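Structural description and commentary
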Amino acid sequence: KLFLVEGAPDCMKMQSLGIMNTLAPLGTAWSEEHFAMMKRMADKLCFIPDADPPKEDEEYGPGIKAVMKSGEMAVKAGFMVSVKQIPVGSQKQDPDSYFKKKQDFMALEEQDYILWLAGLLFYDNMTSAQQGEVINRLATLMTYISDEATISIYIAQLAKKVGKVSLWR
């Protein structure tokens, strides 16, 4: 498993805590070429986005938006993807400033990317059309997963949020 962070200071901090399998693209722009290279080293990726407060007119901060996009690319590249999300507050937090010791890293919950994304995309009072768009987006991502047991677990969890198992199948 590789842990993916945004910048060099984040990567250096993680490695100073003993988490040596950490990489950074030196910005938020992970590319398909990056994922192709990483595929030679690992089959699991865990994103640790910066916890940037969103701008007034936006729902998510840049770090979260970047992982929403990059996570989809990673799933499509064949990785099992997860996220360790630093709590978003009024001040920017990133791995460099948030993790003081390895126990801080270990204590941060790790979520499967698809379930994490569903938690962001589904919200109260969605229209049926909006729910349909999110369901189609997530179901499309699951087509890139070859393990039937994992897909079944995702479907069971997603059906708790919206719809029935048959809808997700």
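Right above here is the structure, for reference.
Below is a summary of the structure that appears in this document. It should be emphasised that the depicted structure is a prediction, and the values quoted were computed from it without experimental measurement.

Cut-offs applied
Residues numbered from 1 in each chain as written. Predicted model: local features only at pLDDT ≥ 70, side-chain atom pairs only at ≥ 80, totals over all residues. Heavy atoms only, no water. Helix = DSSP H or I, 4+ residues; strand = E, 2+ residues; numbered from the N terminus. Expected span 1.5 Å × (residues − 1). Buried < 20%, exposed > 50% of the residue type's maximum accessible area, 1.4 Å probe, protein only. Arc of directions from axis to C-beta. Contact = heavy atoms within 4.5 Å. Phe/Tyr/Trp six-rings, centres within 6.5 Å; stacked < 30°, edge-to-face > 60°. Lys NZ or Arg CZ within 6 Å of the ring centre and 35° of its normal.

The end-to-end C-alpha distance of helix H7 (residues 128–142), which contains 15 residues, comes to 21 Å, matching closely the 21 Å that a straight helix rising 1.5 Å per residue would cover. Within H7 the residues assigned to the buried category are Val134, Ile135, Leu138, Leu141 and Met142. Down the axis of H7, the buried set is contained in an arc of 125°. They therefore lie on one face. Among the exposed residues of H7, those oriented more than 90 degrees off its buried face are Ala129, Glu133 and Asn136. Looking at the buried positions of H7, the neighbouring elements they touch are helix H3 (62–76), helix H6 (113–121), helix H8 (148–161) and helix H9 (165–168).

Tracing the chain through its elements places Trp168 in helix H9. Once residues within four sequence positions are removed from consideration, Trp168 is found in contact with Phe122, Ile135, Leu138, Ala139, Met142, Ile155, Leu158, Ala159 and Val162.

What follows covers the packing of aromatic side chains. In total, this model carries seven aromatic pairs according to the counting rule given. Their ring planes at 75° and their centres at 5.5 Å tell us that Tyr98 and Phe99 sit as a pair that is edge-to-face. For Tyr98, a relative accessible area of 28% translates into the label partly exposed. Classification of Phe99 as buried rests on a relative accessible area of 0%. By the ring-pair criterion, three or more aromatic residues cluster together here, those being Phe3, Tyr98, Phe99 and Phe105. Note that Lys84 overlies the ring of Phe105, its terminal NZ or CZ placed 4.4 Å from the centroid.

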